[in-house]
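Summary of the model geometry
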Amino acid sequence: MRTFLIAGNWKMNAAPGAAKKLAEDIAAKWKEESFHSEALLCPPFISIPAVAAAFEGTQFKVGAQNVHTENDGAYTGEISTSMLKDAGCEYVIVGHSERREYFHESDELVAQKTKKVIDDGLKPIVCVGEVLSERKEGIHQEVVKRQVDAVLTHLGNDESDTLVIAYEPVWAIGTGETATPQQAQEMHQFIRDLITQHWGETSSEKVRILYGGSMKPDNAGELLSQKDVDGGLIGGASLSAGSYSEILKISETI
Ligand code: 13P
């Protein structure tokens, strides 16, 4: 059985002071209780140390929202895998749709980042997903296949233990509109079938596929109950200690 990964992406929110408070509030809700799911929060780079410190001695993990492909050097404004590890990160979100759209990250670059993250001992959460016009045109599977194939081809061998994929339909991000559980399951199964084609079934059964896009306490139960939904990548709702904890709690009941 795959362990649920309940991941929060704080995006460009929560400066160190606010991030520390939010992390402490989340941890405080689980002071008396342990959980089976894996719980991860990804703050902005500058807030990672504060969150890592707040989570020390708890089950909560910290991750980053982006990374560069080089080890070090003249790359103004960028951050490396070794810096993230040093700061206490275990996971890195790669190829979020906001990075693909606003920072022109290509499938090839996302694949290179994914490989770098795995090679350097971190775990990537690779985001894929179609925009609304692509779904309306009926080419959503084609788009996601292109994104997933680019990554799997680049890895070249079986990395199923560390790879996490997040299906985030762009039309459902920050819009309040969620994919129906059926739409999510259909795409998650499609992604798992693609992985099977590359690595075989034993490996594809190990890869966790998260759903992201307006996941909230009131829709998390149905989404997480789908056979191939192995967790959530949560934006807005992860900025509230109550909502994030509620989703984590729901994952414990499934
Ligand atoms: P929302 O949950 O705010 O829709 O954001 C989803 C997302 O982009 C997580 O990476």
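Residues numbered from 1 in each chain as written. Predicted model: local features only at pLDDT ≥ 70, side-chain atom pairs only at ≥ 80, totals over all residues. Heavy atoms only, no water.

**Thoughts on the environment of Lys 249**
Let me state the cut-off plainly: Helix and strand definitions follow DSSP, with helices as H or I runs of at least four residues and strands as E runs of at least two, each counted in order from the N terminus.
Of note, Lys 249 is situated in helix α11 (residues 241-252). Spatially, the C-alpha atoms of Lys 249 and Val 131 are 30 Å apart, while their sequence positions differ by 118 residues.

**A word on the nonpolar core**
The cut-off we apply is this: Only buried Ala, Val, Leu, Ile, Met, Phe, Trp, Tyr and Cys residues count toward a nonpolar core, and they belong to the same one when joined by side-chain atoms within 4.5 Å. Using a 1.4 Å probe on the protein chains alone, a residue whose accessible area is under 20% of its type maximum counts as buried, one over 50% counts as exposed, and one in between counts as partly exposed. Two residues qualify as a contact provided that any one of their heavy atoms is within 4.5 Å of a heavy atom in the partner residue.
Formed by 67 residues in total, the largest nonpolar core has its most connected members in Phe 60, Leu 84, Ile 191, Tyr 211 and Tyr 244. Setting aside residues up to four positions removed in sequence, Phe 60 forms contacts with Ile 26, Ala 27, Trp 30, Phe 35, Ala 39, Leu 41, Phe 55, Tyr 244 and Leu 248. Listed in part, the twelve residues of the second largest apolar core include Leu 40, Tyr 91, Cys 127 and Leu 233.

**A few points about the layout of surface pockets**
So the rule is basically this: Points on a 1 Å grid over protein atoms alone make up a cavity when a 1.4 Å probe fits among them but cannot get out, and a pocket when they form an open set with protein on both sides within 12 Å along at least five of seven lines; lining residues each have an atom within 4 Å of a point. Grid points are joined across faces, edges and corners, and a volume is the space filled by probe spheres set on the points. Under the scheme applied here, ten amino acids are nonpolar (Ala, Val, Leu, Ile, Met, Phe, Trp, Tyr, Cys and Pro), four are charged (Asp, Glu, Lys and Arg), and all others, including Gly, are polar.
Quantified by volume, the largest pocket comes out at close to 430 Å³. For the largest pocket, the lining is made up of 17 residues, of which Lys 11, Met 12, Gln 65, Arg 99 and Phe 103 are closest to its centre. Counting residues per element, the lining of the largest pocket draws most heavily on helix α4 (residues 97-102), at three residues. Considered class by class, the residues forming the lining of the largest pocket number eight nonpolar, five polar and four charged. Approximately 320 Å³ is the volume attributed to the second largest pocket. Lining the second largest pocket are 15 residues, and of these Met 1, Arg 2, Thr 3, Phe 4 and Ile 254 lie nearest its centre. Residue classes in the lining of the second largest pocket are distributed as five nonpolar, six polar and four charged.

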